[in-house]
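Structure at a glance
For reference, the chains in residue letters:
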Protein chains: 2
Amino acid sequence: MQDPSSRPGLTGNEVLAAVLQVRDGSLQVLLWQRAQEPHAHRWSLPGGRLCDTEDVETSIRRQLAEKVDVRKLAHVEQLAVFSAPDRVPGPRVVASAFLGLIPCDVDPEVPADTAWYPVDELPATAFDHEAIVQRARGRLRAKLSYTNLGFALAPPEFTISALRELYSAALGYGVAATNLQRVLSRRGLLEPTGHTAPPGPAGGRPAALFRFTGHGMLVTDPFAVLRPPSTA
Amino acid sequence: MQDPSSRPGLTGNEVLAAVLQVRDGSLQVLLWQRAQEPHAHRWSLPGGRLCDTEDVETSIRRQLAEKVDVRKLAHVEQLAVFSAPDRVPGPRVVASAFLGLIPCDVDPEVPADTAWYPVDELPATAFDHEAIVQRARGRLRAKLSYTNLGFALAPPEFTISALRELYSAALGYGVAATNLQRVLSRRGLLEPTGHTAPPGPAGGRPAALFRFTGHGMLVTDPFAVLRPPSTA
DNA sequence: TCAAAAGTGTTTCCAATACACCCATGT
DNA sequence: ACATGGGTGTATTGGAAACACTTTTGA
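If you're wondering where the values come from, they're calculated on a predicted model, not measured in any experiment.

Across its full length, chain A carries 4 helices and 9 strands. Its helices and strands in sequence order give chain A the pattern β-β-β-β-α-β-β-β-α-α-α-β-β, from N to C terminus. Principal-axis analysis of the C-alpha atoms places the extent of chain A at approximately 70 × 55 × 30 Å. Each of the 232 residues in chain A was classed as buried or not, and the buried ones make up 49%. Considering only contacts in chain A between residues 6 or more positions apart, those separated by 24 or more positions represent 65%. Carbon and sulfur atoms make up 52% of the accessible area of chain A, which amounts to about 11200 Å² in all.

All right, on to the pairing of strand S7 (residues 114-118) of chain A then. Residue and element names in this part refer to chain A. Of the two faces of S7, the one lined by Thr114, Trp116 and Pro118 is fully buried and the one lined by Ala115 and Tyr117 carries no buried residue. When strand S2 (residues 26-33) meets S7, the two strands line up antiparallel, connected through 5 bridges. Bridge pairing in S7 places Trp32 opposite Thr114.

Superposition of chain A onto chain B requires a rotation of 180° combined with a translation of 0.0 Å along the rotation axis, giving an RMSD of 0.1 Å. Those values place the two copies in the arrangement expected of a two-fold rotation axis. The overlap is high: 92% of the interface residues of chain A also sit at the interface in chain B, so the same surface is used on both sides.

Here we take up the environment of Asp69(A). All names here are of chain A. As for its position among the elements, Asp69 is in the loop between helix H1 (56-68) and strand S5 (75-82). Residue classification places Asp69 among the partly exposed residues on the basis of a relative accessible area of 23%. Residues within four places of Asp69 in sequence aside, it is in contact with Leu64, Pro108 and Glu109.

Here the focus is the protein's contact with DNA strand C. The environment of DNA strand C is made up of 28 residues, and the closest members are Arg186(A), Arg187(A), Arg182(B), Ala208(B) and Arg227(B). A breakdown of the atoms of DNA strand C within 4 Å of the protein gives sugar and phosphate a share of 70%. Residue Gly204(A) places a main-chain N or O atom 3.1 Å away from a base oxygen belonging to DNA strand C. Separating a base nitrogen of DNA strand C from a backbone N or O atom of Arg205(A) is a distance of 3.3 Å. Residue contributions to the surface near DNA strand C peak at 4 residues, all from helix H4 (residues 177-186) of chain A.

Right, let's talk about the packing of aromatic side chains for a bit. All names here are of chain B. For the coordinates displayed, the defined rule picks out 4 aromatic pairs over all chains. Look at Phe158 and Phe212: their rings are 5.4 Å apart centre to centre, the planes differ by 45°, and that puts the pair in the tilted class. Placement of the pair is Phe158 in the loop between helix H2 (129-146) and helix H3 (160-171) and Phe212 in strand S9 (residues 207-212), with a sequence separation of 54 residues. Across this residue pair, the class does not change: Phe158 and Phe212 are buried.

The positions UniProt marks with the feature "domain: Nudix hydrolase" (unreviewed entry) are residues 12-140 of chain A. Counting secondary structure, residues 12-140 of chain A comes out at 19% helix and 35% strand; the distance between its end C-alpha atoms is 28 Å.

Residues and elements named next belong to chain A. For chain A, the assigned domains are domain 1 (12-128) and domain 2 (145-212). Taken together, the contact between domain 1 and domain 2 spans 11 residues of the former and 10 residues of the latter. At the junction of domain 1 with domain 2, the criterion picks out 0 salt bridges. At the boundary of domain 1 and domain 2, one finds 1 residue pair in polar contact (both at pLDDT 80 or more). A class-by-class count of the residues in the side of domain 1 that touches domain 2 yields 7 nonpolar, 3 polar and 1 charged.

Let us now look at the protein's contact with DNA strand D. Residues in contact with DNA strand D amount to 26 residues; listed here are only the nearest, Arg182(A), Arg205(A), Ala208(A), Arg186(B) and Arg187(B). Backbone atoms, meaning sugar and phosphate, form 67% of the atoms of DNA strand D found within 4 Å of the protein. Between Arg205(A) and DNA strand D, the recorded distance is 3.0 Å, taken from a side-chain N or O atom to a base nitrogen. Gly204(B) is positioned with one of its backbone polar atoms (N or O) 2.9 Å from a base oxygen of DNA strand D. Secondary-structure elements contributing two or more residues to the surface near DNA strand D are H4 and strand S9 (207-212) of chain A together with helix H4 (177-186) of chain B. Each residue belonging to the surface near DNA strand D can be placed in one class, and the counts come to 10 nonpolar, 9 polar and 7 charged.

Once that is clear, we can look at the side chain of Ser96(B). Tracing the chain through its elements places Ser96(B) in strand S6 (residues 94-101). Apart from residues lying up to four places away in sequence, Ser96(B) is in contact with Val81(A), Glu14(B), Val15(B), Leu16(B), Val56(B), Ala80(B) and Val81(B).

A word on the interface of chain A and chain B. Counting residues at the interface gives 39 residues for chain A, matched by 39 residues for chain B. Roughly 2900 Å² of surface becomes buried between chain A and chain B when both sides are summed, with 59% attributable to carbon and sulfur atoms. Considering only the side of chain A, the residues that lose the most area to chain B are Arg92(A), Tyr173(A) and Leu226(A), jointly responsible for 21% of the buried surface there. If you look at where chain A meets chain B, you find 15 residue pairs in polar contact (both at pLDDT 80 or more). Looking at the side of chain A that touches chain B, the elements that each hand over two or more residues are S5, strand S6 (94-101), helix H2 (129-146), helix H3 (160-171) and H4 of chain A.

The subject of this paragraph is the pattern of salt bridges. By the definition in use, this model includes 24 salt bridges over all chains. The partner of Glu66(A) in a salt bridge is Arg62(A), and the shortest N-O contact between them spans 3.3 Å. Residue Glu66(A) and its partner Arg62(A) are both found in helix H1; the two are separated by 4 residues, about one turn of the helix. Arg62(A) gets classed as partly exposed once you look at its relative accessible area, which sits at 26%. Among the salt bridges present, the one from Glu57(B) reaches Arg61(B), with a minimum N-O distance of 3.3 Å. Of this pair, Glu57(B) and Arg61(B) both sit in helix H1 (residues 56-68), 4 residues apart, roughly one helical turn.

Reading guide: rules and limits
Chains are numbered independently. Their residues run from 1 in the order of the written sequence. Think of it this way: whatever chain is written first is A, whatever ligand is written first is 1, and the rest follow in order. Residue-level local features of this predicted model are given only where pLDDT is at least 70; pairs of side-chain atoms are given and counted only at 80 or more, and the full residue set underlies all totals for whole chains, interfaces and linings. Side-chain measures here rest on the full set of heavy atoms in the structure, leaving out hydrogens and waters. In this description a helix means any DSSP run of H or I spanning at least four residues, a strand means any run of E spanning at least two, and both kinds are numbered starting from the N terminus. Buried, partly exposed and exposed residues are distinguished by accessible area as a fraction of the type maximum, computed with a 1.4 Å probe on protein chains only: under 20%, between the cut-offs, and over 50%, respectively. By definition in these notes, contact holds between two residues if any of their heavy atoms fall within 4.5 Å. To measure how exposed things are, a 1.4 Å probe is used in the Shrake-Rupley method; for residues, cover is taken only from the protein chains shown. We treat two strands as partners when DSSP finds at least two bridges between them. Overlaid copies result from least-squares superposition on C-alpha atoms, with residues included only where pLDDT is at least 70 in both. When at least one non-hydrogen atom of a residue lies within 4 Å of a molecule or strand, that residue is treated as near it. In protein, a polar contact means a hydrogen-donor-capable atom and an acceptor-capable atom, both N or O and within 3.5 Å, with residues adjacent in sequence counting only if both atoms are side-chain atoms; elsewhere, any N or O pair within 3.5 Å suffices. In this scheme Phe, Tyr and Trp rings, the latter by its six-membered ring, pair at centre separations within 6.5 Å, and the angle between planes marks the pair as stacked below 30 degrees, edge-to-face above 60, and tilted otherwise. UniProt positions are given in the numbering used here, feature names are shortened, and annotations may be inferred rather than shown by experiment. Segmentation of the chain into domains, including their bounds, is taken from an automatic or database domain assignment. The term salt bridge refers to a side-chain nitrogen of Lys or Arg lying within 4 Å of a carboxyl oxygen of Asp or Glu. Gly is placed with the polar residues, together with every amino acid not listed as nonpolar (Ala, Val, Leu, Ile, Met, Phe, Trp, Tyr, Cys and Pro) or charged (Asp, Glu, Lys and Arg). Here the buried area means the combined drop in accessible surface, using a 1.4 Å probe, for two parts upon being joined, counting both sides.

In C-alpha cells:
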C-alpha cells in the first residue's frame, strides 16, 4: 500500500505568509489574486504546498522566493496553525501561517497578479486568509513594543522622524519621535552612524542618521510586571 | 496512545500537548513512557494523529480526554508547529504543539504508564518533545506577566499566599504576596469571596479567600512600551 | 502575653510620557 | 533675520517593588 503522504496533492499541509511592509505611510500586505475557482478573483496570501523534505519555515521562504520574488525578508516567524475542516473546499488542508517583514527601502519585484493592500482596507479575501492577516498585524504590533523588531521594517540607515513614521504606520497610532528615540536608545538598540541626512527643501537642521545595533529578533522586555526580585 | 510514526500510510499530522500543572511546589508536565521502538522507554508528550474531521484544538482536547483522562483543562493554546523532516524516524510528521494548563486542585486520573515530572528535571525525552516542553514553559511564564492566565493554575478559591506559591513555582522565582495582590487587584482580576481560610496549626490571622473575576484568557498589558498617546 | 500568619500604609525607585527650550540649516 | 525641521533638558506621571507596621488568630 502506497503512503498517501508521499503523493503530491494529497498531503493536507500548506504554508501561507502574511508579508507586511510599510508603504506610502501605511502597513500593507502582499496579496495574490486567484484566477480560478474556488474563490476566483478573490485575494489570497502567497504560499503553497508543504514538501516532505523541508520544514515549514524553509518551505515558506522557498515559495516566497520562487513565486513572488520576495527574497529580502528581514524577519519570518510562525503565527499559528489554521486547521478547521471546512477552511477550504474539498479535503481538509492544514495551513501553517507565517508573518514576514520587509524593510521599507526595498521594493521586491512581484508578479502581475499580486498587489499590496493596506491591512486596514483589505479587498475580498479568499478562505480564512483575512483572519491570518489580522493575526499578523496583531503580532507585529505587540512585538514592536517589547522586542527590537523595528529593525525588520526600517532601512539600513534612517532618521528618527523616518523611524517615527514607520512605527506610527505599523502601530496604527502616533508615537512621539523623542520618546521613540529614548525608548530604543535605553535598550541599546539604536546607534548613530555619524552621518546626517540633507535637510528638506524648506531648510531645517539636518537629521542625524541611525542604525539598529542588531539584526536578529531580541526580546527586550521579557516581563511587563511581576519581575524577578532585585538581586541587590 | 498510538505512535504516529509507527503507522506509515496515515496523514503526516499529529497533535501534542505539554500539559502543565503546579504540583508539590514545582511546575510539572505530564509525560507518557513509550513502550516500543523507536525511542522505547523514553518519555513523550501525550497526543496522537490528527483526524480529517477535526481542527487541531478539538483534536488535542479529544485525545487528552480519551487517552490520559485529562478533561479539566482550564486553558489550551497553540504553541508552534514542529516540522523538521527528521524530527521522527520514517516519513515526516508535522506536529502541532499545544500548551495545556490544569488548576492545582484537580488531580486527573492518568494511566499507569504516565507520570508528572518537574519541567526543570525532565527524564530522557523522545524526539523533539523536550523543546516543546521548554516552549510551553516559556509561554506560560511570559503570559503570567501580561495576562490573567493565573486563573488556569489556581483553584476556584484561594488565599493570597497560596496564589503566591503558585506564581513562584510557575515563574521560577519568588514573588512577594503583597505585590502580587496589588498587581492583580489593580487590573481588576481578583475579587474577595467574603470567606476566610482557617489558620494553620500554629495560629495566625485567618486568610481571606479570593477568586479570579474572569475565566477566559485576557490580555491585561497589551503594550510594554510605546503606548498610544493619552487622549486627555 | 506571645508567636505566627495576614494584610495595609508608606516610601522609594524607575521608566515612559509630555512639554519647553535650544540647535542647525536654507531662504 | 526668520522660518523650518531636529534634537536635548526637564518636569510629570504612574506603576511596581520594598519595607515597616498593624491586625487577627491559636497556644
